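Residue-level listing of the chains:
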Amino acid sequence: MKLAEALQERSDLSQRIAQLRSRLSMNATVQEGEKTAEEPTALLTELNLCIDQQEQLIAQINLVNSRTVVNGLTLTELLAKRDSLSLRIEAYHELINNASRLAQRAVRTEIKILSAVDVPVLQKEADRLSKELRKVDNTIQETNWLTEL
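Overview of the structure. These numbers come from a predicted model, not from an experiment.

1. Section: unusual backbone geometry
Both trends apply: most residues other than glycine have a negative phi, and most peptide bonds are in trans. Phi is positive for Asn 71, close to 55 degrees, though the residue is something other than glycine. Mapping Asn 71 onto the fold places it in the loop between β1 (69-70) and β2 (73-74).

This is the structure in structure tokens:
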């Protein structure tokens, strides 16, 4: 199995676990004399199996990520880099959006609002970071499809 397939399976298991938890919650109580729509014990057994499968899969994925080296960095390091780039880009975009909202004055006596930062410079940096993020993400995706679990 390729790493990318394992990641898809992990995602599917996460969704399945969420659904089982919801179904368990809906079937946790019942009116006296009635039956639940689904048997909570069976749902709990299935939930535990899914969680066990997810635990094994996550451990395998993490081991492969820490052992697989691309361009001098492990996949774990590349994933951390991708997360950091995403966070940095979000912060830049938030700052750019806030700095770009300049209030319009109706009369000359109103307070004039100015940007405290150079928006075009920040936008260029955000664009550069976005390009770097795309490259890192493409490297991760390519590696995921080439790496055996």
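Still to come is the rest of the account.
2. A few points about the layout of surface pockets
The volume enclosed by the largest pocket comes to roughly 220 Å³. As for the largest pocket, its lining consists of 14 residues, and the residues nearest its centre are Leu 7, Arg 10, Leu 79, Arg 82 and Asn 144. Of all the secondary structure elements, the ones that give two or more residues to the lining of the largest pocket are α1 (3-26), α2 (40-67), α3 (75-100) and α4 (119-146). Considering each element in turn, the lining of the largest pocket owes the most residues, 5 residues, to α1. Taken together, the residues of the lining of the largest pocket sort by class into 7 nonpolar, 5 polar and 2 charged.

3. Section: the environment of Asp 137
You can see Asp 137 is positioned in helix α4. Here Asp 137 falls in the partly exposed class, since its relative accessible area comes to 25%. Note: C-alpha distance between Asp 137 and Arg 82 (55 residues apart in sequence) is 6.7 Å.

4. Re the pattern of salt bridges
Summed over all chains, the structure comprises 7 salt bridges. Among the salt bridges present, the one from Glu 132 reaches Lys 81, with a minimum N-O distance of 3.1 Å. Separated by 51 residues along the polypeptide, Glu 132 in helix α4 and Lys 81 in helix α3 bring together distant segments of the chain. Take Lys 81: its relative accessible area is 32%, and that puts it in the partly exposed class. Several salt bridges share partner residues, and in doing so they unite Lys 81, Glu 125, Arg 128 and Glu 132 into one network.

The rules behind each value
Residues numbered from 1 in each chain as written. Predicted model: local features only at pLDDT ≥ 70, side-chain atom pairs only at ≥ 80, totals over all residues. Heavy atoms only, no water. Helix = DSSP H or I, 4+ residues; strand = E, 2+ residues; numbered from the N terminus. 1 Å grid on protein atoms, 1.4 Å probe; cavity = no way out; pocket = protein on both sides within 12 Å on 5 of 7 lines; lining within 4 Å. Points joined across faces, edges and corners; volume = space filled by probe spheres on them. Nonpolar A, V, L, I, M, F, W, Y, C, P; charged D, E, K, R; others polar. Buried < 20%, exposed > 50% of the residue type's maximum accessible area, 1.4 Å probe, protein only. Salt bridge = Lys/Arg side-chain N within 4 Å of Asp/Glu carboxyl O.

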